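Chain and residue survey
Spelled out, the chains give:
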Amino acid sequence: MVGDRLGWSIDDDRARLVATARRLGYGVGRNALLRFARRQAVFQHNHFNALQPRWLESSHRLGLSYFHGRPGTPGYPEFDRAYDTLQRNATRIDRVQVTHEEMRELVVAAGVPAARVFKIPIGVDLERFRFGTERDGSAFVIGSFLKDGVGMDDGFEPKLLKGPDTFVAVVSRLRDVIPGLTVLLTGPARGYVRRELARIGVPHDHVLLSSRDELARAYRGVDVCLVTSRQEGGPKAVLESMASGVPLVSTRVGQASELVVDGENGLLADVDDVDALIAAVERVHADAALRARLRTAGRATAEAHAEERLDPLWAQLLEGFARRAD
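Residues numbered from 1 in each chain as written. Predicted model: local features only at pLDDT ≥ 70, side-chain atom pairs only at ≥ 80, totals over all residues. Heavy atoms only, no water.

Running from amino to carboxyl end, helix α9 (residues 236-244) crosses helix α12 (residues 288-304) at an angle of 120°, the nearest separation of the two axes being 7 Å. What the angle tells us is that α9 and α12 run oblique. The way α9 lies across α12 gives a crossing that is left-handed. Across the interface between the two elements, L239, M242 and A243 of α9 pack against G298, R299, T301 and A302 of α12. (Axes fitted to C-alpha atoms, helices over the stretch in contact; angles between N-to-C directions. Helix = DSSP H or I, 4+ residues; strand = E, 2+ residues; numbered from the N terminus. Parallel < 35°, antiparallel > 145°, perpendicular 65-115°, else oblique. Left-handed = near helix turned anticlockwise from the far one by under 90°. Contact = heavy atoms within 4.5 Å.)

Structure follows, in structure tokens:
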């Protein structure tokens, strides 16, 4: 299993798949040895890296995750290049993980045999993301847990695919209707949102976390988790917030579009629908019965998608792709 060594989401995906593979009885070798080895089973969660000559021209069996990257997306020519490469090498790819139906259809349309494409959601660690009590305080805290700036540094250039401009537009109008509104941001590259929140006068905290355990604790400090992305594979915040007992408001993206039942375990809005996102957050703020329902049903959804419960799906993908340890 190969990560991207940026210390962020893809590396976390790798670590979790390593644990899954070992639970299923597969040996996992050291990545540093791949340059010397031949005919290994290599799985990468970053399909942009996987679809490079180094891997395509190697002797290894190649698996990858295709989380997002709709070709034709304005401003993202790398999506077109990756999809074109996938089409030209469709039979070279041995396994593909997707998290939702849109990507499954896209990958199959590229020519990858349907039997090699597996829909497996991004699961959640229930031991880490534990169900908490509803936050008590005079402020109403909106949590945002996505990296929405370009690169891994300040992030003043917005990564528009994550919808940071929509997030700011929603918060800007909510400030006038929800007393004591504040925002909690985590992760790197949040400079654009921080700058815009400061410009419009919305109080906010930005916390750089050193571990997933710290991230889990951060969820306990918010009243709602707001996702405003335009495309996603997950995001992970969907199941993390549900597991933690934090009401979720999200656009219909990624696995959120399939895991969230609007009004039951979360609230959904169409991409870029600022009015609907505002109305959803207002409902969470005003309706205690709704919050209780979202918390309870959300936790049940998270429990159904705990990492260990996804092992049978990963077992199907790994069967015939890798060899179990002796």
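Still more ground to cover, so stick around.
Covered by surrounding structure in strand β8 (residues 224-227) are V224 and L226 together with C225 and V227, the residues of both alternating faces. Sheet topology note: the strand β5 (residues 140-144)/β8 ladder contains two bridges and is parallel. The partner of G143 across the bridge, within β8, is C225. One ladder, built from three bridges, connects β8 with strand β9 (residues 248-251); its direction is parallel. For L226, the partnering residue across the bridge sits in β9 and is V249. With respect to chirality, the unit in which β8 leads through α9 into the neighbouring parallel β9 is right-handed. (Buried < 20%, exposed > 50% of the residue type's maximum accessible area, 1.4 Å probe, protein only. Pairing = 2+ DSSP bridges. Right-handed = clockwise from strand over helix to strand, strands pointing away.)

Before going further, it helps to spend a moment on the sheet that holds strand β6 (residues 181-186). The strands that make up a sheet are held in pairs by hydrogen bonds between backbone atoms, and each pair lies either parallel or antiparallel. Strand order in the open sheet formed by six strands is β7-β6-β5-β8-β9-β10, and the pairing between neighbours is parallel. With one partner strand each, in any of the chains shown, β7 (204-207) and β10 (267-269) form the two edges of the open sheet. Recorded for the sheet is a direction-independent mean angle of 20° between the axes of neighbouring strands.

Here D148 is to be found in the loop between β5 and α6 (164-174). On the basis of relative accessible area, D148 is assigned to the buried category, the value being 3%. Ignoring sequence-local partners within four residues, the contact set of D148 consists of P158, K159, K162, P164, A189, R190 and V193.

Here we come to the packing of helix α11 (residues 274-286) against α12. Where α11 meets α12, the closest approach of the two axes is 5 Å, and the angle between their N-to-C directions is 100°. With respect to their mutual orientation, α11 and α12 come out roughly perpendicular. Contact residues: R283, V284, H285 and A286 in α11; A288, L290, R291 and L294 in α12. Its residues assigned to classes, the contact of α11 with α12 shows five nonpolar, one polar and two charged. (Nonpolar A, V, L, I, M, F, W, Y, C, P; charged D, E, K, R; others polar.)

Inspection of the entire model under this criterion finds 31 salt bridges. R23 is the salt-bridge partner of D311, the closest N and O atoms lying 2.8 Å from each other. Of this pair, D311 sits in helix α13 (residues 311-318) while R23 sits in helix α1 (residues 9-23), and the two are 288 residues apart along the sequence. One salt bridge in this structure joins D148 and R190, with 2.9 Å as the shortest N-O distance. (Salt bridge = Lys/Arg side-chain N within 4 Å of Asp/Glu carboxyl O.)

Our focus in this paragraph is the sheet that holds strand β3 (residues 95-98). If you trace the four strands from one edge of the open sheet to the other, you get β1-β2-β3-β4, paired in parallel fashion. Either end of the sheet is taken by a strand with one partner, and the two such strands are β1 (41-44) and β4 (117-119). In this sheet, neighbouring strand axes are inclined to one another by 15° on average, regardless of whether the strands run parallel or antiparallel. Most of the contacts of α13 go to β3, to which it runs at about 155°, and overall it touches β1, β3 and β4.

Attention now moves to helix α4 (residues 77-88). Over its 12 residues, α4 runs 17 Å from end to end, which matches the ideal 16 Å to within 8%, given 1.5 Å per residue. Three or more residues of α4 are buried, namely F79, A82, Y83, T85 and L86. Down the axis of α4, the buried set is contained in an arc of 155°. They therefore lie on one face. Among the exposed residues of α4, those pointing more than 90 degrees away from its buried face are R81 and R88. Looking at the buried residues of α4, the elements they touch are α2 (47-50), α3 (53-56) and α5 (101-109). (Expected span 1.5 Å × (residues − 1). Arc of directions from axis to C-beta.)

Okay, unusual backbone geometry next. That bond from G234 to P235 is cis: its omega, -5°, falls within 30 degrees of zero. The phi torsion at D272 lies on the positive side, around 70°, for a residue other than glycine. Here D272 is to be found in the loop between β10 and α11.

Moving on, we get to the environment of S250. If you trace the backbone, S250 turns up in strand β9. Take S250: its relative accessible area is 0%, and that puts it in the buried class. Along the chain, S250 and G266 lie 16 residues apart, while their C-alpha atoms are 7.8 Å from each other.

Moving on: the side chain of R295. Looking at the element boundaries, R295 is found in helix α12. At 5.2 Å, E134 is the nearest oppositely charged side chain to R295, a buried residue that forms no salt bridge. The residues contacting R295, other than those within four sequence positions of it, are F131, G132, T133, E134, G245 and P247. (Lys, Arg positive; Asp, Glu negative; His and termini not counted.)

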